[in-house]
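Close look at the chain arrangement
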Amino acid sequence: MGWMRGLPTEVRLSAPDDLLSHEWPDGIVHVFHPTTGETHLLNAFPAAVVDATAGRSRRLPELVEEFADLLDSPQDQVRRWLDRAVLELEASELVRIETG
Amino acid sequence: MARSCRARAGGFGTGANRDRMSAQPFSLRLRSGPLTIHLYTRIDTLSRLLRRMYGAAALDSPAQFADFHIGMARPRGPRRWLRPQVCFTLDAQSPFEPYPLEHALPLFEWGLNWCIGTTFPRQLMLHAGALEKNGFGLLLPATPGAGKSTLTAALCHRGWRLLSDEFGIVRHDDGQLLPMPRAIGLKNRSIAVIRDFAPDAFFGPVYPGTRKGDVAHLAPPAESLARQAEPATPRWVVFPRYAPGAQLQLKAEPPSVSFTRLANNAFNYQISGAQGFRTLVHLTESAMAYSLAYSKLDEAVAQMDRLAEGAQP
């Protein structure tokens, strides 16, 4: 899982200007992946990454519970979704990861 | 995909069968919002029920183009007589296993939902109840068991026009909610709840022991059928959650949450591609979003009425 590797302590994710996306008033950004048709949450994930790299991986169950409630989905499904999305966002050319 | 069910809309029943077979096939073309459905069957009880439920939506012209050609017929072979069954066919193909003959109406309704959900991608389709009041649309997106159908059934008998209890259809071009009023399928305890709530409403029979428990169908109000060419401008998105003993609570949801929950409640969001993304963004920006927790139906209906009272045309 991405957050088990030595990730930077602060991560900012951003998307290219020509990517179909929408930023909501609370700063959450939804990005449309043109190939898979999936929609990713951008600014929600830095919290997960930062928490993991700060050694507080025990917060993962809390995040899973929070997202499961948010999405009305089973927690194991949300866990797999979070794991996959973090890896995809890191590996994807759609986003740049800046460290600070 | 179910094995082929070689059914035909023909033949006659015997005295041992509860459902008489009509000598003449019953053919109905009915309008359901943007769709035309052609149904043909010789199952007498089914044809009478559908005439009662949808008579106001029937189309006169037999030449009207139909989006779906649906057959409901008894199969060949021993299941025609021994614990008789009914087959659902779409364009003469059977997508499902047969059902007991006495469950013909539930099979028709669920089968038609499947047809619409899987083969009608032209607009954005949400798993949601949809209603209208004073020209404004209310969407009730929900997972199964959240109380969506019960609340939808109650609202359409308290001054709200039923658009649909299953499909919130959002037109890509202009974001309007399109009606598709159909019979509302109620399950288990909800049947008695709505009978008490709307004692003058027409219900089909209760079908015990179906795959979804006890099921009964509430006929769509005549006004909903008569006005099904009138779209509505979406104004509210309310995510309902019924829980026994829950205190009534209406909580505003930020757009980022509403967008995510709507996408997760859409039948065809992902295959709609970029167009679906833009339509969902527009819907999220246009409509105020809330979560609603409730246990008493009267309170939930009153809360929705208060939302409508605050809306300016």
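Residues numbered from 1 in each chain as written. Chains lettered and ligands numbered in written order. Predicted model: local features only at pLDDT ≥ 70, side-chain atom pairs only at ≥ 80, totals over all residues. Heavy atoms only, no water.

The name recorded for chain B in an unreviewed UniProt entry is HprK-related kinase A, from Spiribacter salinus.

Labelled according to an unreviewed UniProt entry, chain A appears under the name HPr-rel-A system PqqD family peptide chaperone, originating from Spiribacter salinus.

1. Some remarks on the side chain of H172 of chain B
Residue and element names in this part refer to chain B. This is how it is decided: Each helix corresponds to a stretch of at least 4 residues labelled H or I by DSSP, and each strand to a stretch of at least 2 residues labelled E; elements are numbered beginning at the N terminus. In protein, a polar contact requires one atom able to donate a hydrogen and another able to accept it; more generally it is a pair of N or O atoms within 3.5 Å, and residues adjacent in sequence count only if both atoms are side-chain atoms. Contacts are assigned to residue pairs with any non-hydrogen atoms lying within 4.5 Å of each other.
Mapped onto the fold, H172 is located in the loop between β9 (167-170) and β10 (177-178). Only 2.6 Å separates the side chain of H172 from the side chain of T279, close enough to count as a polar contact. Residue contacts for H172: discarding those within four places in its chain leaves R122, Q123, L124, S272, Q275, G276 and T279.

2. Focus: the environment of S21 of chain A
Here S21 of chain A shows up in strand β2 (residues 21-23). As for S21 of chain A and F32 of chain A, which are separated by 11 residues in sequence, their C-alpha atoms are 5.9 Å apart. Setting aside residues no more than four positions away along its own chain, S21 of chain A makes contact with V29, H30 and V31 of chain A together with F277 of chain B.

3. Side note on the pairing of strand β16 (residues 288-294) of chain B
All names here are of chain B. In plain terms, the rule: Burial classes follow relative accessibility: with a 1.4 Å probe on protein chains only, a residue under 20% of its type's maximum area counts as buried, one over 50% as exposed, and anything between as partly exposed. Here, any two strands with at least 2 DSSP bridges between them count as paired.
In terms of burial, β16 is a largely internal element, 5 of the 7 residues being buried. Note: strand β14 (residues 233-242) against β16, 7 bridges, orientation parallel. When the sheet's bridge partners are listed, W236 is paired in β16 with M288. Sheet analysis places strand β15 (residues 249-252) next to β16, joined by 4 bridges and oriented antiparallel. Its bridge partner lying in β16, L250 is registered against L292.

4. Considerations on the sheet that holds strand β13 (residues 213-218) of chain B
Residues and elements named next belong to chain B. Here is the rule we go by: All axes are obtained by fitting lines to C-alpha atoms, using only the stretch in contact for helices, and the reported angles, taken between N-to-C directions, cover 0 to 180 degrees.
Taken in spatial order, the 3 strands make up an open sheet running β11-β13-β12, and their pairing is antiparallel. Unpaired on one side and paired on the other, β11 (184-187) and β12 (207-210) mark the two borders of the sheet. Pairs of neighbouring strands in the sheet enclose a mean axial angle of 40°, with direction left out of account. Running over the sheet, helix α2 (residues 104-119) touches β12 and β13 and is turned about 75° from β13. The strands that helix α3 (residues 148-155) touches are β11 and β13; relative to β11, the one it contacts most, it runs at about 125°.

5. Quick word on the layout of surface pockets
All names here are of chain B. Rules: Grid spacing is 1 Å over the protein atoms alone, the probe is 1.4 Å, and a cavity is where that probe fits but cannot get out, while a pocket is an open set with protein on both sides within 12 Å along at least five of seven lines and lining residues have an atom within 4 Å of a point. Grid points are joined across faces, edges and corners, and a volume is the space filled by probe spheres set on the points. Residue classes follow a fixed rule: Ala, Val, Leu, Ile, Met, Phe, Trp, Tyr, Cys and Pro count as nonpolar, while Asp, Glu, Lys and Arg count as charged, and any other residue, Gly among them, counts as polar. The split into domains, and so the bounds of each, comes from an automatic or database assignment of domains.
By volume, the largest pocket amounts to about 1000 Å³. The element contributing the most residues to the lining of the largest pocket is α2, with 6 residues. Considered class by class, the residues forming the lining of the largest pocket number 14 nonpolar, 15 polar and 9 charged. Inspection of the lining of the largest pocket shows a minimum of three residues originating in each of domain 1 (2-119) and domain 2 (124-308).

6. Overview of the packing of aromatic side chains
Threshold: Stacked, edge-to-face and tilted labels apply to pairs of Phe, Tyr and Trp rings (six-membered ring for Trp) whose centres lie within 6.5 Å, assigned for plane angles under 30 degrees, over 60, and everything in between, in that order. The criterion is that NZ of a Lys, or CZ of an Arg, lies within 6 Å of the ring centre and within 35 degrees of the ring normal, and then a charge sits over that ring.
Inspection of every chain in the model, using the stated rule, returns 10 aromatic pairs over all chains. Judged by centre distance (5.6 Å) and plane angle (65°), the rings of Y242 of chain B and Y294 of chain B are edge-to-face. Pair noted here: Y242 of chain B is in strand β14 and Y294 of chain B is in strand β16, with a separation of 52 residues, a long-range link. Residue classification places Y242 of chain B among the partly exposed positions, given a relative accessible area of 27%. Through successive ring pairs, a cluster of aromatic residues spans W24 of chain A together with F259, Y269 and F277 of chain B. R195 of chain B extends its terminal NZ or CZ atom over the ring of F203 of chain B, reaching a point 4.6 Å from the ring centre.

7. With respect to unusual backbone geometry
Trans is the prevailing form of peptide bonds, just as negative phi is the prevailing case for residues other than glycine. Residues and elements named next belong to chain B. Located in the positive-phi region is A92, a residue other than glycine, with phi close to 70°. Overall, the relative accessible area of 56% leaves A92 in the exposed class. Unusually for a residue other than glycine, N134 sits at a positive phi of about 55°. Along the chain, N134 turns up in the loop between β6 (124-133) and β7 (136-141).

8. Observations regarding the pairing of β12 of chain B
Residues and elements named next belong to chain B. One ladder, built from 2 bridges, connects β12 with β13; its direction is antiparallel. Each residue of the ladder has a partner; that of Y207, found in β13, is V215. Linking β12 back to β13 in an antiparallel pair, the connection comprises 2 residues.

9. Digging into the pattern of salt bridges
Residues and elements named next belong to chain B. Note the threshold: Salt bridges are defined by distance alone: a side-chain nitrogen of Lys or Arg within 4 Å of a carboxyl oxygen of Asp or Glu.
Taken as a whole and assessed by the stated rule, the structure comprises 11 salt bridges over all chains. Among the ionic pairs, E132 bridges to R227, the shortest N-O distance being 3.7 Å. Residue E132 is located in strand β6, and its partner R227 is located in the loop between α5 (222-226) and β14; the two are separated by 95 residues in the primary sequence. Ionic pairing is found between R227 and E223, a salt bridge with its closest N-O pair at 2.7 Å. Its relative accessible area of 45% is what places E223 among the partly exposed residues. Within this structure, E132, R161, E223, R227 and E230 form a network of salt bridges that share partners.

10. Comments concerning the domain arrangement of chain B
Many analyses report the size of an interface as the accessible area lost when the parts associate. All names here are of chain B. Filter applied, for reference: Here the buried area means the combined drop in accessible surface, using a 1.4 Å probe, for two parts upon being joined, counting both sides.
Parsing chain B into structural domains produces domain 1 (2-119) and domain 2 (124-308). Between the C-alpha centres of domain 1 and domain 2 there is a distance of 26 Å. Listed as interface residues are 23 residues of domain 1 and, on the opposing side, 26 residues of domain 2. Interface area, domain 1 with domain 2, both sides summed: about 2200 Å², of which 68% is carbon and sulfur. Viewed at the interface, domain 2 and domain 1 are joined by 1 salt bridge. With its nearest N and O atoms 2.8 Å apart, the salt bridge here joins E109 to R182. Counting across the domain 1 and domain 2 interface gives 5 residue pairs in polar contact (both at pLDDT 80 or more). At 8 residues, the largest contribution of residues to the side of domain 1 that touches domain 2 is made by α2.

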